[in-house]
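What follows is the residue order along each chain.
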Amino acid sequence: TWTEATSAITSSLDSPFGDGAYVVGLDIGSGTWTSPGGDDCYWERLSGFSGDFSDIKANDLGTSNVVLTIQSTDAGFKSSNCGTWTKTG
């Protein structure tokens, strides 16, 4: 059974995080984030969590030394095989 996320899975909005799906404003904060990335790194900025392709606001695959800005208007963020994301701004 799916339920709405009501508690954070990170220690703070600015804490480094790894692969997975996160709610912006609950688990992670908006701002500029970096990861080591690599050939198999895939990430998505999301407008929702329905699983529909239309929820993807931006994405990329196979980039090293990823630098991206998560917007306060993003509902979520997902990544796979990117390493640890660290907030830089």
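Everything numeric in this text was worked out from a predicted model, so none of it was measured. Residue positions are counted from 1 within each chain, in the order its sequence is given. Owing to the predicted nature of the model, reporting of local features is limited to residues with pLDDT of at least 70; listing and counting of side-chain atom pairs is limited to 80 or more, with chain, interface and lining totals taken over all residues. Each side-chain value is derived from all of the structure's non-hydrogen atoms; neither hydrogens nor water enter the calculation.

### What about the sheet that holds strand β5 (residues 64–70)?
Right, on to step 1. The rule for pairing is simple: two strands pair if DSSP sees at least two bridges between them. Strands are runs of DSSP state E lasting at least two residues, helices are runs of H or I lasting at least four, and both sets are numbered from the N terminus onward. The strand order β5-β2-β7 describes an open sheet built from three strands, whose pairing is antiparallel. The open sheet terminates on both sides in strands that have one partner only, identified here as β5 and β7 (86–87).

### Some thoughts on the nonpolar core
Right, on to step 1. We define a nonpolar core as any set of buried Ala, Val, Leu, Ile, Met, Phe, Trp, Tyr and Cys residues linked to one another through side-chain atoms lying within 4.5 Å. Exposure is judged per residue with a 1.4 Å probe applied to protein chains only, and the accessible area is read against the type maximum: over 50% gives exposed, under 20% gives buried, and values in between give partly exposed. Grouped together as the largest cluster of nonpolar side chains are 13 residues, with contacts concentrated most on F17, I28, W43, L68, I70, F77 and W85.
Right, on to step 2. At three residues, β5 tops the list of elements feeding residues into this core.

### Some thoughts on the confidence of the model for the protein chain
Right, on to step 1. Residue-level pLDDT values for the protein chain average 93, and 97% of them are 70 or greater.
Right, on to step 2. The secondary-structure element of the protein chain with the lowest mean pLDDT is strand β1 (residues 20–23), recorded at 94, while β7 shows the highest, at 98. The score called pLDDT rates the predictor's confidence residue by residue, from a low of 0 to a high of 100.

### Some points on the packing of aromatic side chains
Right, on to step 1. Here is the rule: rings of Phe, Tyr and Trp (six-membered ring for Trp) pair when centre to centre is within 6.5 Å. Planes less than 30 degrees apart are stacked, more than 60 are edge-to-face, and the remainder are tilted. Enumeration according to the criterion identifies six aromatic pairs in this entry.
Right, on to step 2. Considering the side-chain rings of F17 and Y22, the 4.6 Å spacing of their centres and the 55° angle between planes classify their relative orientation as tilted. The two residues F17 and Y22 agree in class, both being buried.
Right, on to step 3. Ring geometry for W43 against F77: centres 6.4 Å apart, planes inclined by 20°, an arrangement best described as stacked. Remark: F77 occurs in strand β6 (residues 76–80) and W43 occurs in strand β3 (residues 42–46); sequence separation between them is 34 residues.
Right, on to step 4. Since its relative accessible area comes to 10%, W43 is described here as buried.

### A few points about the environment of G37
Right, on to step 1. Tracing the sequence through the fold places G37 in strand β2 (residues 31–37).
Right, on to step 2. For the pair G37 and D60, spaced 23 residues apart in the sequence, the C-alpha separation amounts to 10 Å.
Right, on to step 3. Sequence-distant contacts of G37, that is, excluding residues within four places in its chain, are made with T63, S64, N65, V66, N81 and C82. Whether two residues are in contact is decided by their heavy atoms, any of which lying within 4.5 Å being enough.

### Describing the state of the cysteines
Right, on to step 1. Here, the term disulfide refers to a pair of cysteine sulfur atoms separated by no more than 2.5 Å. The final tally for this structure, using the stated rule, is one disulfide.
Right, on to step 2. The disulfide bridge from C41 ends at C82, spanning 2.0 Å between sulfur atoms. Looking down the S-S bond of the C41 and C82 bridge, the torsion is 90°, so its handedness is right-handed. Here C82 lies in the loop between β6 and β7 and C41 lies in the loop between β2 and β3, a separation of 41 residues in the sequence. Each member of the pair, C41 together with C82, is buried.

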